[in-house]
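Observations on the three-dimensional arrangement
Spelled out, the chains give:
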Amino acid sequence: MTTIAARRAMRAGETSQAFYVWISLAMAAVFVGGLSHPTPWDFIDTPPLPMLLHVHGAIFTLWVFLFVAQPALIARGSVRLHRRVGWIGLGLAVAMVAMGVAATLFAIRNRLIPPFFPPTVFMVMNLIGILTFGGLVTAGLVMRRKRQWHKRLMLCATISILGPGLGRLLPMASFGAAAPLVMFGAILLFGVVAMAADLIARGRIHPAYFWGVGTILVTELAIGPLAFSPPAAELLRFIQSV
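Residues numbered from 1 in each chain as written. Predicted model: local features only at pLDDT ≥ 70, side-chain atom pairs only at ≥ 80, totals over all residues. Heavy atoms only, no water.

**Regarding the overall build of the protein chain**
Keep this limit in mind: For the purposes of this entry, the term helix denotes a DSSP run of H or I that reaches at least four residues, the term strand denotes a run of E that reaches at least two, and both are numbered from the N terminus. Burial here depends on accessible area, computed with a 1.4 Å probe over protein chains only, as a share of the maximum for the residue type. Under 20% is buried, over 50% is exposed, and the range in between is partly exposed. Working rule for contacts: check all heavy atoms of both residues, and any pair within 4.5 Å makes them a contact. Computed with the Shrake-Rupley method and a 1.4 Å probe, the accessible areas treat only the protein chains shown as cover for residues.
Along the backbone of the protein chain there are ten helices and zero strands. Counting helices and strands in the order they occur from the N terminus, the protein chain gives α-α-α-α-α-α-α-α-α-α. Residue burial in the protein chain is summarised as follows: out of 242 residues, 47% are buried. A sequence separation of at least 24 residues applies to 76% of the contacts in the protein chain between residues at least 6 apart. When the accessible surface of the protein chain is split by element, carbon and sulfur atoms take 72% of a total near 12500 Å².

**Examining the confidence of the model for the protein chain**
Definition in use: For every residue, the predictor states its confidence as a pLDDT score lying anywhere from 0 to 100.
For the protein chain, mean pLDDT is 85; residues scoring 70 or higher make up 88% of the total. Long-range and interchain partners of residues 1-7, a stretch whose pLDDT sits below 50, account for nine contacts in this model, where long-range means more than four residues apart.

**Looking at the side chain of Thr120**
Position of Thr120 among the secondary structure elements: in helix H5 (residues 119-142). Judged by relative accessible area, Thr120 falls into the buried class, the value being 11%. Excluding anything up to four places from it in sequence, Thr120 contacts Ala227, Phe228, Ala232, Ala233 and Leu236.

**Here's the deal with a nonpolar patch on the surface**
Our working rule: Patches here: salt-bridge-free residues with over 30% relative accessible area, like charges joined within 9 Å, nonpolar side chains (Val, Leu, Ile, Met, Phe, Trp, Tyr) joined within 5 Å. One side-chain nitrogen of Lys or Arg within 4 Å of one carboxyl oxygen of Asp or Glu is enough to make a salt bridge.
Side chains of Trp87, Leu90 and Val94 sit close together on the surface and give an oily, nonpolar patch of about 310 Å² of accessible area. On the basis of relative accessibility, which here comes to 55%, the residue Val94 falls in the exposed class.

**A closer look at the packing of aromatic side chains**
To keep things clear, this is the line we draw: Put simply, two rings from Phe, Tyr or Trp (the six-membered ring, in Trp's case) pair if the centres are within 6.5 Å, and we call them stacked under 30 degrees between planes, edge-to-face over 60, tilted for the rest.
This model, assessed by the stated rule, comprises three aromatic pairs. When the ring of Phe19 is compared with that of Tyr20, the centres are 5.4 Å apart and the planes differ by 75°; the resulting orientation is edge-to-face.

Printed below as a string of structure tokens:
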């Protein structure tokens with residue numbers, strides 16, 4: 001079915017559904033490969049993982065499974081099941097945002113911040129990242145009846161949260177002060193690949209990517225100025241003091 005869908009897409013001048021299956025698998029490999037190898041600074045000198053982080057990990061894992069399953073269902077023609085499962089995705093996305101914020105606050109309060117990120121950069125990067133994810137998922141659901149917009153916005157939403165996986169796969173400590181830029185570049189690379197696939201198959205880039213990848217780019221460019229602003233320093237001190 002995937003081959004048939006790919007051929008139909010090529011004839012129609014559309015990016016093959018097989019592309020979405022393969023890029024979802026590649027991103028899942030980043031998540032699983034990275035997050036299955038905790039780094040030394042994650043939980044050093046702390047008690048066993050609290051339930052909050054177990055729940056956070058479980059919800060994150062379920063999102064990854066769903067992200068792979070959804071394009072696979074479309075590729076095999078199971079559109080009705082895809083739509084039904086999508087409502088589960090809505091609940092997971094809400095939980096992802098809530099638990100992402102909670103896990104970030106926990107890490108800051110317990111000073112479990114990777115040494116290659118300044119604390120305010122870590123805080124702003126994580127909070128903006130999870131809010132960007134929530135915003136793009138919301139946009140994707142609003143546009144769910146416009147298939148070409150929907151699938152691209154949902155792809156961009158998941159690209160926006162690749163940071164935790166990439167941060168453990170890449171030798172971030174060796175990049176020194178450039179570590180945040182390397183992280184942002186690696187995240188954007190997935191967006192560039194998706195846009196390139198459109199350009200090759202369609203001869204043009206779908207406007208959904210200008211909104212989705214553009215949103216990721218703008219928010220990443222905003223992290224530095226926001227992170228080194230006085231309000232960010234005050235917020236960090238407040239979180240660590242409560």
